[in-house]
Amino acid sequence: MDTRNVQAGADAGHGISFDEAFRVWLRVACLSFGGPAGQIAVMHRILVEEKKWISEGRFLHALNYCMLLPGPEAQQLATYIGWLMHRTAGGLMAGGLFILPGIIAIMALSYVYAAFGNVSFVEALFFGLKAAVLAIVVEAVVRVGKRALKNRIMIALAAIAFVAIFFFAVPFPIIIIAAGVIGYIGARQGRPEFAPAGHGPGGSSAVIDSMLGDAVPDHVKPDSARAIRVGALWLALWLVPVIALLLALGQANVFSQIALFFSKMALVTFGGAYAVLAYVAQQAVEHYHWLKPHEMLDGLGMAETTPGPLIMVLQFVGFMAAYRDPGGLSPMLAATFGGLLATWVTFTPCFLWIFVGAPYIERLRGNTGLAGALSAITAAVVGVILNLSIWFALHTLFRETVAVHAFPFAFDRPVLTSVDIPALVLSIAAATAIFRFKLGMLTVLAGSCAAGVGLRMAGII
């Protein structure tokens, strides 16, 4: 073992080498299937129960505050814990490894999709994926709802959010901001409906907690000058490529549009990937015309079947956007740049939020106003996810929909005679497997894909 790495760990106050941390974070990354719930469960099992690097209480505290930030909470939680252990290098390693397998897998699947998406076998594969994804999204509504809708106020917030986004097309960021303000005010007024659920004290024998309980390392202490320097560096890494594209290519170019759109997403992706995907799908499909509705479902299916954050689906969106409008480049080369650009502007801000804000997040432990805002945002997200599940259902189970525009209403209505019977049957089967038989996500996805291929071979689809 490298003695320099051992010494680096000892200097940090815990004695865990960078090499050992690398191996553990790589293991976490390779097992991070199942969306944020599965990824957080994997981290909890390995870091809290097995390695005892961090206690239950501090793990949940870090998770709660990562959920207050825009971006994928599981990836930011990994970055946060890596930063606590091995400073900036540890945060980069943990957060970078967390998304690396997904970047590679989504890129490979995007190549296959762009090259062979119209081949009958591939079409059948993704036909099955759509049914499973629909069932998984519905399960997400139930799962998040059980956790978030603790009382009538939270149920009302979820219902209002659903009605606002589904029937009136209220932009997602406005819903999230309004819910956060309501939660903050309610908590500050002492309303019990906005109080977070208690987690109980964590143990003090964990590595990080012991380190923080003795002499707190310098990098964990808030420092305004350091925060300004770090913030300037990460803002430059994020925004300089965006500005360069705008100046060189103009706003109408697809690469400029990708950079701007996904930079905006990085600022408003509160509440997890399921919540923001409704907004992404609306813009990518209806405004920019980068994808068709069924292609958005296919991309979500890819992200569900690969390790890493579900928000990696944005790489597929950027890939297809540039593939369809390559300019002077070859379609595949343009698509590669488009996918990587979407990934860069989506995840670079995640490191910014952690490296600049983490010391102050530590100081904000127990802030009732912020905890109340988080509770209200999580409740509103349930309504947004319900909207997403219905949007997916409309485009999975029906071949045709009609746009209804009658002020102030704006929503899609299914053409009932266009119902897709095989898709309906397969979706019910996938939902039964998840809810009744409690089968794992990968098992359901694999079974649905096999069923799609079987239906195509039988001539049913």
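About the thresholds
- Residues numbered from 1 in each chain as written.
- Predicted model: local features only at pLDDT ≥ 70, side-chain atom pairs only at ≥ 80, totals over all residues.
- Heavy atoms only, no water.
- Pairing = 2+ DSSP bridges.
- Helix = DSSP H or I, 4+ residues; strand = E, 2+ residues; numbered from the N terminus.
- Axes fitted to C-alpha atoms, helices over the stretch in contact; angles between N-to-C directions.
- Parallel < 35°, antiparallel > 145°, perpendicular 65-115°, else oblique.
- Left-handed = near helix turned anticlockwise from the far one by under 90°.
- Contact = heavy atoms within 4.5 Å.
- Nonpolar A, V, L, I, M, F, W, Y, C, P; charged D, E, K, R; others polar.
- Phe/Tyr/Trp six-rings, centres within 6.5 Å; stacked < 30°, edge-to-face > 60°.
- Buried < 20%, exposed > 50% of the residue type's maximum accessible area, 1.4 Å probe, protein only.
- Salt bridge = Lys/Arg side-chain N within 4 Å of Asp/Glu carboxyl O.
- Expected span 1.5 Å × (residues − 1).
- pLDDT = per-residue confidence, 0-100.
- Polar contact = N/O pair within 3.5 Å; in protein donor to acceptor, adjacent residues only side chain to side chain.
- Core = buried A, V, L, I, M, F, W, Y, C linked by side-chain atoms within 4.5 Å.

## Observations concerning the pairing of strand β1 (residues 401-406)
- Relative to strand β2 (residues 409-414), β1 runs antiparallel, the two sharing six bridges. Each residue of the ladder has a partner; that of Thr-401, found in β2, is Pro-414.
- The turn linking β1 back onto β2 is made up of two residues.

## Re the packing of helix α6 (residues 120-148) against helix α17 (residues 421-435)
- Interaxial distance between α6 and α17 falls to 8 Å at its minimum, and their mutual angle equals 45°. Taken together, the axis directions place α6 and α17 in an arrangement best described as oblique. Like other packed secondary-structure pairs, α6 and α17 cross with a definite hand, here right-handed. For the pair α6 and α17, the contacting residues are Phe-127, Gly-128, Ala-131, Ala-132, Leu-134, Ala-135, Ile-136, Val-138, Glu-139 and Val-142 in the first and Pro-422, Ala-423, Leu-426, Ser-427, Ala-430, Ala-431, Ile-434 and Phe-435 in the second.
- Within the contact of α6 with α17, the residues separate by chemical class into 15 nonpolar, two polar and one charged.

## As for the packing of aromatic side chains
- One pass over the structure, following the stated rule, counts 19 aromatic pairs.
- On the numbers, 5.8 Å between centres and 80° between planes, the contact of Phe-261 with Trp-290 is edge-to-face. Of this pair, Phe-261 sits in helix α11 (residues 254-268) while Trp-290 sits in the loop between α12 (273-287) and α13 (293-305), placing them 29 residues apart in sequence.
- Given a relative accessible area of 2%, Phe-261 falls into the buried group.
- Taking relative accessible area as the criterion, Trp-290 reaches 5% and is therefore assigned buried.

## Quick notes on the pattern of salt bridges
- A full pass over the atoms with the stated rule returns four salt bridges.
- The shortest N-O distance in the salt bridge between Arg-324 and Glu-295 comes to 2.6 Å. Pair noted here: Arg-324 is in helix α14 (residues 313-324) and Glu-295 is in helix α13, with a separation of 29 residues, a long-range link.
- For Glu-295, a relative accessible area of 6% corresponds to the buried category.
- Among the salt bridges present, the one from Arg-399 reaches Asp-420, with a minimum N-O distance of 3.6 Å. With Arg-399 in the loop between α16 (368-397) and β1 and Asp-420 in the loop between β2 and α17, the pair connects residues that are 21 residues apart, well separated along the chain.

## Let's talk about α11
- Helix length check: α11 (15 residues) gives 21 Å between terminal C-alpha atoms against 21 Å at 1.5 Å per residue, within 8%.
- Of all 15 residues making up α11, 11 are buried, and the element is well covered by its neighbours.
- Listed in full, the buried residues belonging to α11 are Val-254, Phe-255, Ser-256, Ile-258, Ala-259, Phe-261, Phe-262, Ser-263, Met-265, Ala-266 and Val-268.

## Regarding the confidence of the model for the chain
- With 88% of its residues at a pLDDT of 70 or more, the chain has an overall mean of 84.
- At the level of individual helices and strands, the chain shows its lowest average pLDDT in helix α1 (residues 3-12), which scores 45, and its highest in helix α10 (residues 224-249), which scores 95.
- A low-confidence stretch, residues 1-11 (pLDDT under 50), is modelled with 12 contacts involving residues beyond four sequence positions or located in other chains.
- Within the model, the stretch residues 198-203 combines pLDDT values under 50 with eight contacts to residues more than four positions away or in other chains.

## Structural notes on helix α7 (residues 152-167)
- Helix length check: α7, at 16 residues, gives a terminal C-alpha distance of 22 Å against a target of 22 Å (1.5 Å per residue), a fit within 8%.
- Among all positions of α7, only Met-154, Leu-157, Ala-158, Ala-161, Phe-162, Ala-164, Ile-165 and Phe-166 are buried.
- Where α7 begins, one side-chain oxygen reaches toward the backbone nitrogen of Ile-153, 3.1 Å away; that side chain belongs to Asn-151.
- Just beyond α7, the residue with positive phi is Ala-169, at close to 55°.

## Here's the deal with the nonpolar core
- If you look at the biggest cluster of nonpolar residues, it comprises 140 residues, and the most contacted ones within it are Trp-25, Met-43, Phe-262 and Trp-290.
- In terms of residues, this core owes the most to one element, helix α5 (residues 73-116), which gives 18 residues.
- Discounting chain neighbours no more than four positions away, the residues touching Trp-25 are Met-43, Leu-47, Trp-53, Ala-78, Ile-81, Gly-82, Met-93, Ala-94 and Leu-97.
- Core analysis: the second largest hydrophobic core is formed by six residues, Met-154, Ala-187, Phe-194 and Ala-376 among them.

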